[in-house]
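Spelled out, the chains give:
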Amino acid sequence: MNVILIGAGRLATNLGKALVLSGNKVEQVFSRTMESASCLAKQIGAEAICDYGQIRGDADIYIISVKDSALKEVIEKATEKRSDKLFVHTAGSMPMDMLKGYANHYGVLYPMQTFSKEKEVDFKQIPCFVEANNDDAKQVITDLSNSISDSVYYLSTDERKYLHLAAVFACNFSNHCFAIAEKILGEHGLPFSVMFPLVDETARKAHTMSPKDGQTGPAVREDRNVMAKQQALLPDDFAKIYEQLSESIIKMKNE
C-alpha cells in the first residue's frame, strides 16, 4: 500500500521501517521539524515534509503516530481537506473516535511493544491491535497490519485501554524497577549487567508459567524480617515502593 506517515518518533521510525521491509511504500514522512522528518525519510526512501499543506492526497492510508498530547491537534490539521481518506492513529490509550468528525474512514493500528530509535525490532513478532469505524476501513487496516505482523487482533477502544494498562505494568513499571536496581547497584560499585541472568530468566519463566505462580522473594514467603531490613536500606521514596509492591505480592498470593 501507499502510506503517508505523520510523525517521526520512536514508534513511527520502527513502523516506517517495517512497512517498507514488508513491501509497502511510505510516500511521505511528516514531522513538525524538517530535521526530524528528514532523518526518518532518508532511511525509508520517502519524501520529508513539515507543512500540512504538502501532504499528498492520493495515499491508501494515513498513519498518525505522535505523542498523545499532540494527537488532537495533529488530527485536526492532517485531515483538513482530506476527510474522505482513511486515517488511523497508533496510540494505545487514546480512543478511536478522536478521528470521528474529521475523517469518514478511520481506525487504530496499535503495535504493542516498547520502541527506541536506536534499536530495531522484529515487527513480525509484535502483536498489532486494530479497530475501525466501518468494514472497508477494517479490511485495509487489517491487510496492512498482516503485512508487517504475524499476530493481528481486532480490539475495541474499551478493551484496548485495559491492554495498554497491562502493558504499563509489564513494561514501564518493570523497567522503572530496573532503573531503581541500577541506581542501588551503581551506588555500591556494581554494574547493572550482574542482573542480566536474573532478568532474562524471569522473562523466560513468564513464557511457560503464570507470573503469579512464578513469584519468588521475601514477600511471597511473607518473610517480614528480611523485608523490614531491606526497606530500612532504602531512601523514603524507594522504601514506599518496596512496601507497596511487597504488600501487593502478599495480597495476590493469598487471593
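One structure accompanies this document, and this report is about it.

Conventions adopted
- Residues numbered from 1 in each chain as written.
- Predicted model: local features only at pLDDT ≥ 70, side-chain atom pairs only at ≥ 80, totals over all residues.
- Heavy atoms only, no water.
- Core = buried A, V, L, I, M, F, W, Y, C linked by side-chain atoms within 4.5 Å.
- Buried < 20%, exposed > 50% of the residue type's maximum accessible area, 1.4 Å probe, protein only.
- Helix = DSSP H or I, 4+ residues; strand = E, 2+ residues; numbered from the N terminus.
- Contact = heavy atoms within 4.5 Å.
- Axes fitted to C-alpha atoms, helices over the stretch in contact; angles between N-to-C directions.
- Parallel < 35°, antiparallel > 145°, perpendicular 65-115°, else oblique.
- Left-handed = near helix turned anticlockwise from the far one by under 90°.
- Nonpolar A, V, L, I, M, F, W, Y, C, P; charged D, E, K, R; others polar.
- Pairing = 2+ DSSP bridges.
- Polar contact = N/O pair within 3.5 Å; in protein donor to acceptor, adjacent residues only side chain to side chain.
- Salt bridge = Lys/Arg side-chain N within 4 Å of Asp/Glu carboxyl O.

## Side note on the nonpolar core
One finds V29 and I63 to be the most contacted residues of the largest nonpolar core, which totals 30 residues. Of all the secondary structure elements, the ones that give two or more residues to this core are β1 (2–6), α1 (10–21), β2 (25–30), α2 (34–44), β4 (61–64), β5 (86–89), β7 (128–132) and α4 (135–148). Here this core takes five residues from α1, the largest share from any one element. Beyond its immediate chain neighbours, meaning those up to four positions away, I63 contacts V3, I4, L5, I6, L15, L19, V88, T90 and L144. In terms of nonpolar packing, the next biggest core, distinct from the first, is built from 28 residues, Y52, A91, M94 and Y110 among them.

## Regarding the packing of α1 against α2
It is at 10 Å that the axes of α1 and α2 come closest, and there the two elements cross at 20 degrees. Judged by the inter-axis angle, α1 sits roughly parallel to α2. Two packed elements cross with a definite hand, and for α1 against α2 that hand is right-handed. Between α1 and α2, the contacting residues are A12, T13, G16, K17 and V20 on the first element and L40, Q43 and I44 on the second. Its residues assigned to classes, the contact of α1 with α2 comprises four nonpolar, three polar and one charged.

## A word on the pairing of strand β6 (residues 105–111)
Counting buried residues in β6 gives six out of seven residues, a clear majority hidden from the surface. Relative to β6, β5 runs parallel, the two being bridged by four bridges. Looking at the pairing, F87 lines up with Y106 of β6. One ladder, built from five bridges, connects β6 with β7; its direction is antiparallel. Across the sheet, residue P111 finds its bridge partner in β7, namely C128.

## Considering the side chain of R160
Counting through the fold element by element, R160 comes out in helix α5 (residues 157–186). A polar side-chain atom of R160 sits 3.2 Å from the main-chain carbonyl oxygen of G92. Those residues in contact with R160 that sit more than four places away from it in its chain are H89, A91, G92, S93, M94, P95, M96, V108, Y110, E131 and L155.

## Regarding unusual backbone geometry
At K81, a position not held by glycine, the phi torsion is positive, near 65 degrees. Here K81 shows up in the loop between α3 (68–78) and β5. In this model, E222 sits at a positive phi of 55 degrees, which is unusual for a non-glycine residue.

## Side note on the pattern of salt bridges
Applying the stated criterion to the full structure yields 12 salt bridges. The partner of K124 in a salt bridge is D150, and the shortest N-O contact between them spans 4.0 Å. One end of the pair, K124, is in the loop between β6 and β7; the other, D150, is in the loop between α4 and β8 (152–154), and 26 residues separate them in sequence. According to the relative accessible area criterion, K124 is partly exposed, its value standing at 34%. Residue classification places D150 among the exposed positions, given a relative accessible area of 61%. The partner of R160 in a salt bridge is E131, and the shortest N-O contact between them spans 2.8 Å.

## Section: the side chain of T79
As for its position among the elements, T79 is in the loop between α3 and β5. Classification of T79 by relative accessible area gives buried; the value is 3%. Ignoring any residue separated from it by four or fewer positions in sequence, one finds T79 in contact with F87 and Y102.

Geometric values such as these leave the question of function open.
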